[in-house]
Amino acid sequence: MIRGRTYLVKNYLEEFPVTTREKKMGLATRDAYGLALAELGKENPNVVVLDGDVSGSTKSRMFAKEFPDRFFNFGIAEANLVSAAAGFASCGKIPFASSFSAFLMCKTYDQLRMSVANPHLNVKLCGSHSGISLGQDGASQMAVEDIALACSLPKFTVLVPSDEIAARALVKRAAKYQGPVFIRTSRPNTPLIYAPGESFEIGRAKLLRPGKDVTVIAIGMMVWEALEAAELCVDKGIDVRVIDMHTVKPLDEAAVIAAAKETGAIVTAEEHLIDGGLGSRVAQAVVQNHPVPMEFVGLKNTYAESGTPAQLFERYGLTAKAIVEAIETVC
Amino acid sequence: MGARKTGIGSDMQWSEALAKKIRCHVLKMTHRAKSAHVGTSLSMADLLAVLYGGVLRVDPSSPDWPDRDRFILSKGHGCASLYAVLAERGFFPLAWLDDFYQDGSHLAGHVTHTGVPGVDASTGALGHGLSIGCGMALAGQRDSQSYRVFTLLSDGECDEGSIWEAVLFAPHHRLDNLVAIVDYNKIQSLGTVKEVLDLDPLAVKWESFGWAVREIDGHNFGEIEDALTNLPIRTGQPSCVIAHTVKGKGVSAMENKLLWHYRSPDEEELRQALAELELSE
């Protein structure tokens, strides 16, 4: 049994050196998006950034300051923003379109499907303030359906980074990838999961902690909670495997199947409705390949309201404690 | 008719002949496929004939030529006309038109970008084309490219809120390489535009948003050619050409009839329509 926090710095199924350290806060994933954009601006003159008048919040302003000629504030008009991004892409640009995820994804679904997904254009979308961790601003600002919407678009790639290191690396990866990508970022600062320099591959999950009794597959801010839950289970004698499924689509089915076969039970954890999100996708892979008991941690058929992120996570069961309870029902 | 060079300006006789061919194809295609949207395909035929008869700088042998003028049929339900003119211009074989609407055909019942040479965007979900055009025009403007972006909208489509987002956006960025053409045939799916959701005064609306607007008779080749060859209407502003048209134009039994938004011609109606078009030679 491994005590203390464990960190993986190699891809799944490879040898993983494990380190132990204390909780250390990093930047928000939205900050990492802004930093990555500013780097991309230097690296690739074809990168353009479009924002829906919230660039101070999505952090695309970091790009705007460096490259004002390649930054476009579309005003509060997300439908126009998304279709225009498609127009940019069809002319050889690499547009990054950002807004709050609630508006970028939920207001523009028709534009996403016919302007972007159907012609499979090279548009990158970044939805910030996802889930309920934006807190006090309330339900209208909270995207709790965005992963389901993005995943249901044919050939869309869906990325949910868990910390600033992952976010920065995955945004850079997205720029090099040909085709539509949705990147989901969060408002609050998040604990560091990875060491600087960690490399990420789209579609390859990260095994953060080995374990043989049950696997927790988590995304975004729930990855930290999953690691905490694994710690809490040590004293219970439950050996928990933890996987960061930063790419929700295409899902790393090999990692899911291995988890099902080797640990015999799976819990998913996401800051999203359990309908159509990570849990649904993992369940599809499990049912088709190696059925095992599963439990789902996430929002259950509800919107949230105002509160601090901690209060809301507690109220809606998005905590390490709730993950432990889920683990106990499947173990 | 594929041999004609592109972007060389007006040739009215050639365009008129092309318009007649488009109409004949549309009638045969919609009859064979039992598909809808004949009326809207006919109202825009003369506009397409002038665009593809010489206004648009396009090269059928190189449909993805980066410097080409872009054309977006935002009213994607008028696809039969577009497919007809693209085939006539040699973007793909005329034989493709026989498979319009059929299982496995590239030529879907609304315009799809994938697999159809000469099509610049997937449309049919109304209200997207002008925004896509804004992105293309802005990309071209920032890179000092010479291409222009033409979008053809329906009048009913102007009900969509997203159209007005784009109408607001284009003048703000002084996109004078962008042209919106409204096929104002005054009839939408279930009634006249006036009955369903009145757009008038349409030109005033576009003007007040900052567009340079010109109203023309969308079946007068002289007026169409003059409007589409003298662009932008005003430097520094996007251009809007409101083309007053007749739904079902060219077939007297179909003209201005709501029925022909959805109805497809049967054997006898097709015969009569083709005979009328031949007589108008």
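Structure shown above.
The text that follows walks through the structure, step by step, so that each part is easy to find. (Residues numbered from 1 in each chain as written. Chains lettered and ligands numbered in written order. Predicted model: local features only at pLDDT ≥ 70, side-chain atom pairs only at ≥ 80, totals over all residues. Heavy atoms only, no water.)

## Some thoughts on the overall build of chain B
Part 1 of the reasoning: Along chain B, the regular secondary structure elements total 10 helices and seven strands.
Part 2 of the reasoning: Over its C-alpha trace chain B gives a radius of gyration of 17 Å, about what one expects of a compact globule, namely 19 Å for 281 residues.
Part 3 of the reasoning: Counting only C-alpha atoms, chain B reaches 50 × 45 × 35 Å along its principal axes.
Part 4 of the reasoning: The buried share of chain B, taken over its 281 residues, is 59%. (Helix = DSSP H or I, 4+ residues; strand = E, 2+ residues; numbered from the N terminus. Rg over C-alpha atoms; globule rule 2.2 N^0.38 Å. Buried < 20%, exposed > 50% of the residue type's maximum accessible area, 1.4 Å probe, protein only.)

## What to know about the overall build of chain A
Part 1 of the reasoning: Of the regular secondary structure elements, chain A holds 13 helices and 12 strands.
Part 2 of the reasoning: Computed over its C-alpha atoms, the radius of gyration of chain A comes to 19 Å, within 12% of the 20 Å expected for a compact globule of 331 residues.
Part 3 of the reasoning: Principal-axis analysis of the C-alpha atoms gives chain A an extent of 55 × 40 × 35 Å.
Part 4 of the reasoning: When contacts within chain A are restricted to residue pairs at least 6 apart in sequence, long-range pairs at least 24 apart make up 77% of them.
Part 5 of the reasoning: For chain A, the computed accessible surface area is about 11,600 Å², with 50% contributed by carbon and sulfur atoms.
Part 6 of the reasoning: Here chain A holds 35 positive side-chain charges and 37 negative ones, and the gap between their average locations is 4 Å. (Contact = heavy atoms within 4.5 Å. Areas by Shrake-Rupley, 256 points an atom, 1.4 Å probe, with all protein chains shown as cover. Lys, Arg positive; Asp, Glu negative; His and termini not counted. Charge placed at Lys NZ, Arg CZ, Asp CG, Glu CD.)

## Things to note about helix α1 (residues 29–43) of chain A
All names here are of chain A.
Part 1 of the reasoning: Given a rise of 1.5 Å per residue, 15 residues ought to cover 21 Å, and the 21 Å separating the end C-alpha atoms of α1 matches this to within 8%.
Part 2 of the reasoning: Counting buried positions along α1 gives 11 out of 15 residues, so the element sits mostly inside the fold.
Part 3 of the reasoning: Within α1 the residues assigned to the buried category are T29, R30, D31, A32, Y33, G34, A36, L37, A38, L40 and G41.
Part 4 of the reasoning: Considering only its buried residues, α1 is in contact with β1 (47–51), α2 (55–58), α3 (61–66), β3 (94–100), β4 (124–128) and α8 (164–176). (Expected span 1.5 Å × (residues − 1).)

## Some remarks on the nonpolar core
Part 1 of the reasoning: With 81 residues, the main nonpolar core has A:I266, B:L130, B:W206 and B:W211 as its most contacted residues.
Part 2 of the reasoning: Core analysis: the second largest hydrophobic core is formed by 65 residues, A:A64, A:I193, A:V240 and A:A320 among them. (Core = buried A, V, L, I, M, F, W, Y, C linked by side-chain atoms within 4.5 Å.)

## Structural notes on the packing of helix α4 (residues 78–90) of chain A against helix α5 (residues 129–142) of chain B
Part 1 of the reasoning: It is the contact of α4(A) with α5(B), at a shortest axis distance of 6 Å, that shows an interaxial angle of 50°. Classified by the angle between their axes, α4(A) and α5(B) sit oblique to one another. As α4(A) runs across α5(B), the sense of the crossing is right-handed. Here A:N80, A:S83, A:A84, A:G87, A:F88 and A:S90 of α4(A) come into contact with α5(B), specifically with B:S131, B:I132, B:C134, B:G135, B:M136, B:L138 and B:A139.
Part 2 of the reasoning: Taken together, the residues of the contact of α4(A) with α5(B) break down into seven nonpolar, six polar and no charged. (Axes fitted to C-alpha atoms, helices over the stretch in contact; angles between N-to-C directions. Parallel < 35°, antiparallel > 145°, perpendicular 65-115°, else oblique. Left-handed = near helix turned anticlockwise from the far one by under 90°. Nonpolar A, V, L, I, M, F, W, Y, C, P; charged D, E, K, R; others polar.)

## Considerations on the interface of chain A and chain B
Part 1 of the reasoning: In this complex, chain A contributes 21 residues to the contact, which on the side of chain B involves 22 residues.
Part 2 of the reasoning: Where chain A abuts chain B, roughly 1,800 Å² becomes buried across the two surfaces, and 59% of that area is made up of carbon and sulfur atoms.
Part 3 of the reasoning: In this structure, the connection of chain A to chain B is made through one salt bridge.
Part 4 of the reasoning: The shortest N-O distance in the salt bridge between B:D143 and A:K93 comes to 2.5 Å.
Part 5 of the reasoning: Secondary-structure elements contributing two or more residues to the side of chain A that touches chain B are α4 and α6 (109–117) of chain A.
Part 6 of the reasoning: Per-element accounting of the side of chain A that touches chain B gives the leading share, eight residues, to α4(A). (Buried area = accessible area lost by both parts, 1.4 Å probe. Salt bridge = Lys/Arg side-chain N within 4 Å of Asp/Glu carboxyl O.)

## Some details on the pattern of salt bridges
All names here are of chain B.
Part 1 of the reasoning: By the definition in use, this model includes 26 salt bridges over all chains.
Part 2 of the reasoning: Among the salt bridges present, the one from K194 reaches D198, with a minimum N-O distance of 3.3 Å.
Part 3 of the reasoning: By relative accessible area, which is 54% here, K194 ends up exposed.

## Here's the deal with α6(A)
Part 1 of the reasoning: Within the span of α6(A), buried status applies to A:Q111, A:L112, A:M114, A:S115, A:V116 and A:A117.
Part 2 of the reasoning: Check the buried side of α6(A) and you find it contacts α4, α5 (101–106) and β4 of chain A together with α5 and α6 (161–172) of chain B.

## What about the packing of α4(A) against α6(B)?
Part 1 of the reasoning: The N-to-C vectors of α4(A) and α6(B) enclose an angle of 75°; their axes lie 8 Å apart at closest approach. Between α4(A) and α6(B), the angle is such that the two are roughly perpendicular. Residues A:E78, A:A79 and A:N80 of α4(A) lie in contact with α6(B), whose contacting residues are B:S162, B:E165, B:A166 and B:F169.

## Brief notes about the sheet that holds β4(A)
Residue and element names in this part refer to chain A.
Part 1 of the reasoning: One open sheet accounts for seven strands, arranged β2-β1-β3-β4-β6-β5-β10; its pairing is mixed. Strand pairing shows two members of the sheet lacking a second neighbour, β2 (71–73) and β10 (247–249), which therefore form its edges. This sheet shows a mean twist of 20° between the axes of neighbouring strands, independent of strand direction.
Part 2 of the reasoning: In the sheet, strand β5 (residues 157–159) pairs with strand β6 (residues 181–184) via three bridges, with the strands oriented parallel. Within the sheet, the bridge partner assigned to T157 lies in β6 and is V181.
Part 3 of the reasoning: In this fold α4 packs onto β1, β2, β3 and β4, with an angle of close to 165° to the strand it touches most, β3. (Pairing = 2+ DSSP bridges.)

## Looking at the layout of surface pockets
All names here are of chain B.
Part 1 of the reasoning: Quantified by volume, the largest pocket comes out at close to 350 Å³.
Part 2 of the reasoning: Every residue lining the largest pocket is counted, 18 residues in all, and those nearest its centre are E16, K20, R23, L277 and S280.
Part 3 of the reasoning: Elements supplying a minimum of two residues to the lining of the largest pocket: α1 (12–33) and α10 (267–279).
Part 4 of the reasoning: Grouping the constituent residues of the lining of the largest pocket by class yields five nonpolar, three polar and 10 charged.
Part 5 of the reasoning: Counted as a void, the second largest pocket has a volume near 200 Å³. (1 Å grid on protein atoms, 1.4 Å probe; cavity = no way out; pocket = protein on both sides within 12 Å on 5 of 7 lines; lining within 4 Å. Points joined across faces, edges and corners; volume = space filled by probe spheres on them.)

## Concerning the side chain of A:D31
Part 1 of the reasoning: Secondary-structure assignment places A:D31 in helix α1.
Part 2 of the reasoning: On the basis of relative accessible area, A:D31 is assigned to the buried category, the value being 13%.

## Let's talk about the state of the cysteines
Part 1 of the reasoning: For the structure on display, the rule yields zero disulfides over all chains.
Part 2 of the reasoning: You can see A:C331 has no disulfide; the closest cysteine sulfur is in A:C233, sitting 7.2 Å from it.
Part 3 of the reasoning: No disulfide involves B:C240; its sulfur sits 7.9 Å from the nearest other cysteine sulfur, which is in B:C158. (Disulfide = S-S within 2.5 Å.)

## A short note on unusual backbone geometry
Part 1 of the reasoning: With an omega of -5°, the peptide bond running from A:K249 to A:P250 counts as cis.
Part 2 of the reasoning: The topology assignment puts A:P250 in the loop between β10 and α10 (253–263).
Part 3 of the reasoning: At the junction of B:L231 and B:P232, the peptide bond is cis and its omega measures out at -5° in the coordinates.
Part 4 of the reasoning: By secondary structure assignment, the location of B:P232 is in the loop between α9 (221–229) and β7 (239–244).

## Re the sheet that holds strand β6 (residues 212–217) of chain B
Sheets are built from strands paired through backbone hydrogen bonds, the pairs being either parallel or antiparallel.
Residue and element names in this part refer to chain B.
Part 1 of the reasoning: Sheet architecture is open: five strands sit in the order β1-β2-β3-β7-β6, paired in parallel fashion. With one partner strand each, in any of the chains shown, β1 (70–73) and β6 form the two edges of the open sheet. Strand-to-strand twist of the sheet, defined as the mean angle between neighbouring strand axes without regard to direction, takes the value 20°.
Part 2 of the reasoning: In the sheet, β6 pairs with β7 via six bridges, with the strands oriented parallel. By the bridge assignment, I216 is partnered in β7 with A243.
Part 3 of the reasoning: On the sheet, helix α3 (residues 45–55) packs against β1, β2 (149–154), β3 (178–184) and β7 and is oriented at approximately 170° with respect to β2.
Part 4 of the reasoning: Docked against the sheet, α9 engages β3, β6 and β7, running at close to 160° with respect to β6.

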